[in-house]
Amino acid sequence: MKHFFLMLFSVILFMGCQEKKDNSANEAFAKNSETVMANIQNWQNETPDYSTYSDKFVLRDTGINGKDSLSLAEMKESDKMLFKNLDFKFLTDPIVLLPGVNPQTKEPDGSVRYYGNWQVTVPATDSTEAKSAVLKYYESFDFDADGKIIYQQGYGDFGGLMDALYGDDDQDSMEE
């Protein structure tokens, strides 16, 4: 009986000395996922909530002849132009949000990413019918310590999207 209690005590002591697992990255991912889901819904509704963005925010731009990044103010202006000319509908259902990792440590860091399909539509006018195309898109969001989006990047075939919506001759109409 003595050996049993000694073994039981040893097991309890061993288990009590185990290092507690750090769950902060999973908790941050869960919280930040809510922000990303709201971001997607708000984009679809053309009502982005810029209060979820850091003042130090940077958007990685994938334009060919443009700048390689945009500030929050520049993104707001770009969004206004996009909403003026296009309608957006997120088609991927259910959306699967995936945890990102710190590029240096390769450890989960609370960032969020997804792969999805966006239907982009040029609305009908008096002289034209509506025209839609689907953009296959990858997007990732990094967050600062306050839970604000500090870095966002997205990749898709925007040239192909514009060709499908406007054709080679009509791309200048986006700049009006």
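Scroll up for the structure.
Calculation rules
- Residues numbered from 1 in each chain as written.
- Predicted model: local features only at pLDDT ≥ 70, side-chain atom pairs only at ≥ 80, totals over all residues.
- Heavy atoms only, no water.
- Phe/Tyr/Trp six-rings, centres within 6.5 Å; stacked < 30°, edge-to-face > 60°.
- Buried < 20%, exposed > 50% of the residue type's maximum accessible area, 1.4 Å probe, protein only.
- Helix = DSSP H or I, 4+ residues; strand = E, 2+ residues; numbered from the N terminus.
- Core = buried A, V, L, I, M, F, W, Y, C linked by side-chain atoms within 4.5 Å.
- Contact = heavy atoms within 4.5 Å.
- 1 Å grid on protein atoms, 1.4 Å probe; cavity = no way out; pocket = protein on both sides within 12 Å on 5 of 7 lines; lining within 4 Å.
- Points joined across faces, edges and corners; volume = space filled by probe spheres on them.
- Salt bridge = Lys/Arg side-chain N within 4 Å of Asp/Glu carboxyl O.
- Pairing = 2+ DSSP bridges.
- Expected span 1.5 Å × (residues − 1).
- Arc of directions from axis to C-beta.

1. Considerations on the packing of aromatic side chains
Here's step 1: In the structure shown here, the tally under the stated rule is eleven aromatic pairs.
Here's step 2: An angle of 45° between the planes, with centres 6.2 Å apart, marks the rings of Tyr-50 and Tyr-53 as tilted.
Here's step 3: The class of Tyr-53 is buried, set by a relative accessible area of 8%.
Here's step 4: Centre to centre, the rings of Tyr-137 and Phe-158 are 5.8 Å apart; their planes meet at 75°, and the pair counts as edge-to-face. Here Tyr-137, found in strand β6 (residues 131–143), pairs with Phe-158, found in helix α4 (residues 158–166); they are 21 residues apart in sequence, far enough to count as distant.
Here's step 5: The exposure class of Tyr-137 is buried, given its relative accessible area of 16%.
Here's step 6: In this structure an aromatic cluster arises from ring pairing among Trp-43, Phe-83, Phe-88, Phe-90, Tyr-114 and Trp-118.

2. Digging into the nonpolar core
Across soluble globular proteins, you tend to see nonpolar side chains buried next to one another.
Here's step 1: Val-36, Leu-86, Phe-88, Tyr-114, Trp-118 and Leu-165 are the most contacted members of the largest nonpolar core, which has 32 residues in total.
Here's step 2: When residues of this core are traced back to their parent elements, those giving at least two are α2 (24–44), β1 (53–60), α3 (72–85), β3 (87–90), β5 (108–122), β6 and α4.
Here's step 3: Apart from residues no more than four positions distant in its own chain, Phe-88 is found in contact with Trp-43, Gln-44, Leu-82, Phe-83, Trp-118, Gln-119 and Val-120.

3. Quick notes on unusual backbone geometry
Here's step 1: A cis amide bond links Asp-93 with the next residue in sequence, Pro-94, at an omega value of 5°.
Here's step 2: For Glu-46, which is not glycine, the phi dihedral falls at a positive 60°.
Here's step 3: Examined against the element boundaries, Glu-46 turns out to sit in the loop between α2 and β1.
Here's step 4: Despite not being glycine, Lys-106 has its phi angle at roughly 65°, a positive value.
Here's step 5: Looking at where Lys-106 falls in the secondary structure, it is placed in the loop between β4 (98–101) and β5.

4. So, the layout of surface pockets
Here's step 1: By volume, the second largest pocket is sized at about 150 Å³.
Here's step 2: Along its surface, the second largest pocket is lined by Pro-99, Gly-100, Val-101, Pro-103, Asp-109, Ser-111, Val-112, Arg-113, Tyr-138, Ser-140, Asp-142 and Gln-153.
Here's step 3: For the lining of the second largest pocket, the secondary structure elements donating two or more residues are β4, β5 and β6.
Here's step 4: With four residues, the top contributor of residues to the lining of the second largest pocket is β5.

5. Re the pattern of salt bridges
Here's step 1: Here the structure, examined in full by the defined rule, presents two salt bridges.
Here's step 2: Between Lys-80 and Glu-77 there is a salt bridge; the shortest N-O distance is 3.3 Å. Placement of the pair is Lys-80 and Glu-77 together in helix α3, with a separation of three residues, close to one helical turn.
Here's step 3: Judged by its relative accessible area of 55%, Lys-80 falls in the exposed class.

6. Things to note about the pairing of β4
Here's step 1: Sheet topology places β4 next to β5; three bridges connect them, and they run antiparallel. Considered in β5, the bridge of Pro-99 is made with Val-112.
Here's step 2: Once β4 ends, the chain turns through six residues before running back antiparallel as β5, passing Lys-106 with a positive phi of about 65°.

7. Examining α2
Here's step 1: Here α2 spans 30 Å end to end across 21 residues, near enough to the 30 Å set by a 1.5 Å rise per residue.
Here's step 2: Turning to α2, its buried residues number three or more, namely Ala-25, Phe-29, Asn-32, Ser-33, Thr-35, Val-36, Asn-39, Ile-40 and Trp-43.

8. A few points about α3
Residues spaced three or four apart along an α-helix face the same direction, because each turn holds 3.6 residues.
Here's step 1: With 14 residues, α3 should cover 20 Å at 1.5 Å per step; its first-to-last C-alpha distance of 20 Å lies within 8% of that length.
Here's step 2: For α3, the complete set of buried residues consists of Leu-72, Met-75, Asp-79, Leu-82, Phe-83 and Asn-85. Looking straight down α3, one finds its buried side chains confined to an arc of 160°; they lie on one side. Exposed and oriented more than 90 degrees from the buried face of α3 are Ala-73, Lys-80 and Lys-84.

Take it as geometry only, folks, not as evidence of what the structure does.
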